[in-house]
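# Observations on chain architecture
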Amino acid sequence: MAVKEISSYFYSRGQRVPQGLEEIDPSIVSIGPDFQLHDAEFSGLVWFHLTAGSTIAAQTEKLRAGWPKAKLVMMSDLPNDLEALAAFSILAKAYCNTHAAPEVLRNVSGVVSQGGIWIGESIMSRLLAQQIPHVQIEQQVSARWDDVLTLREKEVAILVADGMQNRQIAEQMAITERTVKAHIGSILEKLQLKSRLQLALLVKES
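Each chain has its residues counted from 1, running along the sequence as written. The predicted nature of this model means local features are confined to residues of pLDDT at least 70 and side-chain atom pairs, given and counted, to a pLDDT of 80 or more, with totals for whole chains, interfaces and linings taken over all residues. The basis for the side-chain values is all heavy atoms of the structure; hydrogens and waters are excluded.

End to end, helix α9 (residues 177-191) covers 21 Å across 15 residues, agreeing with the expected 21 Å (1.5 Å per residue, within 8%). The buried label applies to any residue whose accessible area, calculated with a 1.4 Å probe on protein chains only, is under 20% of its type's maximum; exposed applies above 50%, and partly exposed to all values in between. Put simply, DSSP marks the helices as runs of H or I at least four residues long and the strands as runs of E at least two long, and each gets a number from the N terminus on. Listed as buried for α9 are V180, H183, I184, I187, L188 and L191. What you see down the axis of α9 is that its buried residues fit within an arc of 130°, all on one side. Turned more than 90 degrees away from the buried face of α9 sit R178, K181 and E189, all of them exposed. Just past α9, the residue Q192 takes up positive phi, approximately 60°. Expected span, for any helix, means 1.5 Å times one less than how many residues it has. When we speak of the arc, we mean the arc of directions from the helix axis to the C-beta atoms.

This part takes up the pairing of strand β4 (residues 71-76). Across the six residues of β4, six count as buried, placing the element largely inside the fold. Looking down the strands as they point away from you, a crossover is right-handed if its path from the first strand over the helix to the second goes clockwise. The handedness of the strand β3 (residues 45-49) to β4 crossover, carried by helix α2 (residues 56-66), is right-handed. Judged from the four bridges that link them, β4 and strand β5 (residues 94-97) form a sheet pairing that is parallel. From the neighbouring strand, V73 faces β5, where its bridge partner is A94. Following the chain from β4 across helix α3 (residues 81-89) to the adjacent parallel β5, one finds a crossover that is right-handed. Only strands that DSSP links by at least two bridges are regarded as paired with each other.

Take S8: it is sitting in strand β1 (residues 8-11). A distance of 2.4 Å separates a polar atom in the side chain of S8 from a polar atom in the side chain of D25. Once residues lying within four places of it in the same chain are set aside, the contact partners of S8 are D25, I28, V29, L45 and W47. Distance and chemistry together define a polar contact, namely a pair of N or O atoms within 3.5 Å, with one atom able to donate a hydrogen and the other to accept it when in protein, and with adjacent residues in sequence counting only for side-chain atoms on both sides. Residue contacts are defined here by distance: any two heavy atoms, one from each residue, within 4.5 Å place the two residues in contact.

Computed from the structure, the largest pocket encloses a volume of approximately 360 Å³. In the cavity and pocket records, a cavity denotes points on a 1 Å grid over the protein atoms alone where a 1.4 Å probe fits but cannot get out, a pocket denotes an open set with protein on both sides within 12 Å along at least 5 of 7 lines, and lining residues are residues with an atom within 4 Å of a point. Contributing to the lining of the largest pocket are 20 residues, with T51, A52, N80, E83 and Q168 lying nearest its centre. At the level of elements, α2, α3 and α8 (166-173) are the ones that each hand at least two residues to the lining of the largest pocket. Throughout, the ten residues Ala, Val, Leu, Ile, Met, Phe, Trp, Tyr, Cys and Pro are labelled nonpolar, Asp, Glu, Lys and Arg are labelled charged, and all others, Gly among them, are labelled polar. Each residue belonging to the lining of the largest pocket can be placed in one class, and the counts come to six nonpolar, 10 polar and four charged. Grid points are joined across faces, edges and corners, and a volume is the space filled by probe spheres set on the points.

Attention now moves to the packing of aromatic side chains. Whether two aromatic rings pair depends on their centres lying within 6.5 Å, for rings of Phe, Tyr and Trp, where Trp uses its six-membered ring; planes under 30 degrees apart make the pair stacked, over 60 edge-to-face, and the rest tilted. Inspection of the entire model under this criterion finds six aromatic pairs. Between Y9 and F42 the ring centres are 5.2 Å apart and the planes differ by 80°, which places this aromatic pair in the edge-to-face class. Placement of Y9 in strand β1 and of F42 in the loop between β2 (29-31) and β3 is noted, with a sequence separation of 33 residues between them. Relative accessible area serves as the criterion here: at 0%, Y9 is assigned to the buried category. F42 sits in the buried class, given a relative accessible area of 4%. Ring plane angle 40° and centroid distance 4.8 Å describe the contact between Y9 and W67, whose orientation is recorded as tilted. Separated by 58 residues along the polypeptide, Y9 in strand β1 and W67 in the loop between α2 and β4 bring together distant segments of the chain. W67 gets classed as buried once you look at its relative accessible area, which sits at 1%. In this structure an aromatic cluster arises from ring pairing among Y9, F35, F42 and W67.

Laid out in structure tokens, this is it:
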């Protein structure tokens, strides 16, 4: 079957298509890292199963390059605020739980297929509750948030904004998790922020 005849794919590094997806779209095709992305015009849905160990940007790089018009729906086994922020930062159209009920997935599919953006109500509420007021963001950005940070702190801040956890940051920078925690504490204090999410929002806004 030609790629153009397929309306949606499930991308994973080994997990089978979730039961909910099979129920709403019995014709969905499962693909993995070895799949040949040879149709730059494909604009259907790609349900992308996230895995631990690397950033969303890194995980989706090949697919976004091969199918630049595809509508990406990020599926996470353990949804969290920072991962959601990272997903939308790479222009994903939706972010949801891998094990969401069929009615939720059907809603996601309908919204995204029509060109909209879908985000779960619970995650949206938490993001809005923790978001920095826009005026504060503008003040921070105009003052160049990274001017007050050391080179290592800037690197840590950017990795936090990419959705990486302390262990992943420590591995990438070849330092200990304790050192990562110390850097983050210093960064939050210097920028007068209260959480990693606020830091990520600030970095993304700039």
